[in-house]
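# Residue-level structure breakdown
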Amino acid sequence: MKKINGNPLFGALKLMLVPMIIISVFILVWLKSEITSIEYRISQYESERMNLLKKRKELIVKRSDSLSVKNIEAIAMDKLGLTFPDRKKVIYVKRGEEPYNFKAGLGTHTE
Amino acid sequence: MNIGGMNKRAVIITTVITFSFGLLFWRTFDLMLLRHETFVNKANVQQSQEIEIQVRRGVIYDRRGRELAVNIEQRSLYIDPTKVRSVPETAHKLSRALGIDKRKLLKKLDADRKFVWIRRKMDGKEMSRVNKLKISGIGYVPESERVYPRGAIASHLLGFVDIDNHGLEGIEKKYEKFLTSRGGKIRVSTDARGNILLAGDELESSGNSIVLTIDEMLQYTVEKALDAAIDKWKASSATAIIMNPYTGEILALANRPTFDPNSPGRSRAEYRRNRAITDVFEPGSTFKIVTAAAVLEKKLFKPNALFDCSDGFIEVGGKRFKDDHKAGIITMAQVLQKSSNVGTILMAQKLGKHELYKYSKLFGFGERTGIDLPGEVSGWIRDPESWSGTSMGAVPIGQEVAVTAMQVLRAYAAIANGGYLVSPYIVSRIVSPEGQEIYNRQNPEMKRVLQRDTTLLIRGMLEGVTRMGGTALEAAVEGNSIAGKTGTAQIFDTGLNRYSNEKYLSSFAGFFPANKPRLAMVVIVNEPKGDIYGGRVAGPVFKEIATRALAYLNVPMDSAPSENVVFVSNVNGFKGTN
């Protein structure tokens with residue numbers, strides 16, 4: 001026992017015990033406070049996220065409405081004066097197998 | 001004074017400190033062990049709150065990923081009547097702000113409850129009006145609202161939901177368990193003011209998304225054509241369906257009258273009915289393909305067999321079945337082309353009632369098609385043992401049989417695809433919120449009901465219907481051959497207990513291009529005014545839709561000359577398509 005009491009390391013530990021306990025308590029309190037503060041920030045971000053999601057959903061509805069076939073047809077025909085293509089004038093494109101010295105042309109070639 | 005080497009003061013201080021630590025230790029022991037549960041429960045009440053996870057329905061897409069049903073976030077207003085200072089004043093204010101009947105509000109505010117809904121899913125303007133009133137005891141709950149951005153487009157397919165987002169009709173009802181998720185509740189921390197402190201918990205839970213087989217463009221084309229038909233013929237109702245004849249995928253389905261699923265309550269219940277699968281009718285001449293296919297299958301007649309229809313009528317069981325015009329002596333192909341009742345009955349008489357019944361069932365009549373939509377009916381065709389004397393005249397030409405538009409379409413799809421009866425369906429894929437595919441209908445269900453040779457013969461005969469001498473010249477499409485059959489059926493008047501002379505059902509069913517079918521389609525126009533014939537009423541609707549559909553799907557014209565094809569070489573990395 002005497003030997004232990006005489007150990008300088010044990011003496012130093014004994015001296016540091018109280019400050020360590022106090023520091024630990026402060027660290028715990030600080031950690032708790034940090035966690036609470038982070039939770040506030042998460043809540044704030046969550047709230048922002050929810051608002052952005054809400055806006056996103058509203059924008060999806062708007063986009064969906066704008067891109068509906070009905071709307072596009074109305075704009076194309078009424079505002080732009082477009083008409084449906086004449087099927088007789090449609091030219092069908094087929095990929096040739098051999099390389100030609102031209103990229104495309106009205107074919108005499110048949111597959 | 002020294003006690004064991006310590007002075008008195010030190011003894012007192014040591015004793016006080018020891019006693020204090022003893023007290024602290026006891027208190028800690030008491031708090032943490034003896035009354036642990038009590039304090040944990042108190043803390044939970046003070047520092048946490050149970051909130052419901054908001055359930056969001058999955059999105060419904062068309063086959064090209066266009067949104068047909070989505071969600072938006074709304075706020076719902078509730079009130080805690082126990083916190084209301086003045087009930088009459090609050091009722092008065094809310095009544096003015098929201099346009100709700102004051103008496104109803106008074107009744108709600110007098111309730112002995114802590115939670116009463118005032119207005120579900122409010123818009124922003126209503127919310128700001130209420131907020132300005134500074135009413136005590138009110139609060140908002142976030143809720144999602146189902147929105148159908150395309151309005152009435154495909155409403156009978158999509159269905160609709162109630163205020164609590166439960167599916168009531170259509171896909172929304174049929175796939176309810178896939179579109180929603182369980183939800184539940186989570187406990188979250190709160191501060192002294194009741195603010196929620198989150199630690200990354202998900203407050204929202206989404207259901208699976210559904211991808212339909214329908215194509216918005218084709219759907220819109222069909223809806224527009226039906227609107228025009230209703231307008232032109234002042235018809236009581238109309239239905240049109242487009243199907244991929246090889247797989248059973250429904251590409252478009254529309255009914256008139258229709259409704260807006262965003263506000264289903266504003267339309268009458270009958271407008272919300274999906275007539276394509278819930279309403280039965282006597283098909284009339286569109287049913288004649290069953291008789292024709294059966295006699296060809298049984299090799300009772302050859303396509304060039306002649307039928308004497310010169311009298312213009314035939315008597316069966318004492319009842320006279322007439323043709324519209326005396327057709328003379330005609331071939332089997334002409335029987336279908338001219339829609340001769342006499343010729344068809346002559347065919348059926350050789351076939352016999354049991355075989356006719358058997359083939360009707362093989363074509364799927366009298367049984368549900370199994371489409372994944374709610375409310376489908378089976379229709380009926382009576383057992384041959386219970387047929388009357390006139391049935392052998394009526395059934396072959398589509399009378400005394402009750403069918404749905406979907407069944408008629410499926411029968412024509414069987415002719416188009418070479419003899420397979422397909423199962424129509426509307427949902428092709430179900431995708432989880434994480435993007436994982438949990439259902440994919442890849443292998444179409446089909447069973448062979450006719451030999452390919454038989455279908456090719458019938459197909460050729462049906463092509464004649466839209467050609468010179470046929471009953472549906474007005475269904476012909478420029479550039480592509482159409483195979484189809486008209487139907488003009490008198491509607492049975494239950495009040496008069498006989499067939500009406502004024503009410504008819506005009507129809508046209510077929511597929512196109514006839515030589516290489518891409519789509520099968522049926523058009524039904526109920527009670528048209530001004531004309532009654534399927535070829536003149538439903539035929540032009542068919543033509544209108546088919547013309548647009550062929551252009552949209554880039555189907556070349558039958559006559560497309562090969563010299564007009566541009567050949568593009570694959571040099572320089574160009575990737576053309578065949």
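What you are looking at is a predicted structure, and each value in this text was computed from that prediction instead of being measured.

### Regarding the sheet that holds strand E13 (residues 237–243) of chain B
Residue and element names in this part refer to chain B. Taken in spatial order, the five strands make up an open sheet running E14-E13-E27-E26-E25, and their pairing is antiparallel. The open sheet has two edge strands with one neighbour each: strand E14 (250–256) and strand E25 (483–493). Neighbour to neighbour, the strand axes of the sheet diverge by 10° on average, direction disregarded. Pairing analysis gives ten bridges linking E25 to strand E26 (residues 498–512), with the strands arranged antiparallel. Its bridge partner lying in E26, Gly484 is registered against Gly510. Helix H16 (residues 405–416) rests against E13, E26 and strand E27 (519–526) of the sheet, and its axis sits at about 150° to E27.

### Concerning the sheet that holds strand E3 (residues 48–52) of chain B
Residue and element names in this part refer to chain B. An order of E3-E9-E10 is seen for the three strands of this open sheet, with the pairing classed as antiparallel. Bordering the open sheet on either side are E3 and strand E10 (196–197), each of which pairs with just one other strand. Alignment of E3 against strand E9 (residues 185–190), held across five bridges, turns out to be antiparallel. Each bridged residue has a counterpart across the sheet, and for Gln49 the counterpart in E9 is Val188.

### Structural notes on helix H18 (residues 534–552) of chain B
For H18(B), with 19 residues, the first-to-last C-alpha span of 25 Å sits near the 27 Å given by 1.5 Å per residue. Within H18(B), 15 of the 19 residues are buried, which leaves the element mostly enclosed by the surrounding structure.

### Things to note about the domain arrangement of chain B
Residue and element names in this part refer to chain B. Domain assignment breaks chain B into domain 1 (51–212) and domain 2 (216–552). With centres defined by C-alpha atoms, the gap from domain 1 to domain 2 works out at 44 Å. Of all the secondary-structure elements, those providing two or more residues to the side of domain 1 that touches domain 2 are helix H6 (155–158), helix H7 (170–174) and strand E12 (209–212). Counted by class, the side of domain 1 that touches domain 2 contains 14 nonpolar, eight polar and seven charged residues.

### Section: the environment of Ile345(B)
Residues and elements named next belong to chain B. Relative to the assigned elements, Ile345 resides in helix H13 (residues 341–351). For Ile345, a count of 25 C-beta atoms within 10 Å corresponds to the buried category. For the pair Ile345 and Ile397, spaced 52 residues apart in the sequence, the C-alpha separation amounts to 7.1 Å. Setting aside residues up to four positions removed in sequence, Ile345 forms contacts with Ile314, Val316, Phe321, Gly393, Pro396 and Ile397.

### Observations regarding helix H11 (residues 288–297) of chain B
All names here are of chain B. In terms of burial, H11 is a largely internal element, ten of the ten residues being buried. Taken as a whole, H11 has its buried residues at Lys288, Ile289, Val290, Thr291, Ala292, Ala293, Ala294, Val295, Leu296 and Glu297. Lining the buried residues of H11 we find helix H12 (332–337), H13, helix H14 (353–362), H16, helix H17 (452–465) and E25. Directly beyond the C-terminal end of H11, a positive phi value near 55° is found at Lys299.

### As for unusual backbone geometry
All names here are of chain B. A cis amide bond, omega 0°, links Arg256 with the succeeding residue Pro257. Looking at where Pro257 falls in the secondary structure, it is placed in the loop between E14 and helix H10 (275–278). Along the chain, Phe512 connects to Pro513 via a cis peptide bond; the corresponding omega equals -20°. Note on placement: Pro513 falls in the loop between E26 and E27. Positioned with a positive phi, Ser339 is a non-glycine residue whose angle comes to about 55°. On the secondary structure map, Ser339 appears in the loop between H12 and H13.

### Regarding the pairing of strand E22 (residues 427–431) of chain B
Residue and element names in this part refer to chain B. Taken together, the four bridges between E12 and E22 define a ladder with antiparallel strand orientation. In the strand pairing of E22, Val211 is matched with Arg429. Of the pairings in the sheet, the one linking E22 to strand E23 (residues 437–440) comprises three bridges and is antiparallel in character. Pairing of Ile430 across the sheet is with Tyr439, part of E23. Once E22 ends, the chain turns through five residues before running back antiparallel as E23, passing Gly435 with a positive phi of about 90°.

What counts, and at which threshold
- Residues numbered from 1 in each chain as written.
- Chains lettered and ligands numbered in written order.
- Predicted model: local features only at pLDDT ≥ 70, side-chain atom pairs only at ≥ 80, totals over all residues.
- Pairing = 2+ DSSP bridges.
- Helix = DSSP H or I, 4+ residues; strand = E, 2+ residues; numbered from the N terminus.
- Axes fitted to C-alpha atoms, helices over the stretch in contact; angles between N-to-C directions.
- Contact = placed C-beta atoms within 7 Å.
- Expected span 1.5 Å × (residues − 1).
- Buried ≥ 20, exposed ≤ 12 C-beta atoms within 10 Å, placed from the backbone.
- Domains from an automatic or database assignment.
- Nonpolar A, V, L, I, M, F, W, Y, C, P; charged D, E, K, R; others polar.

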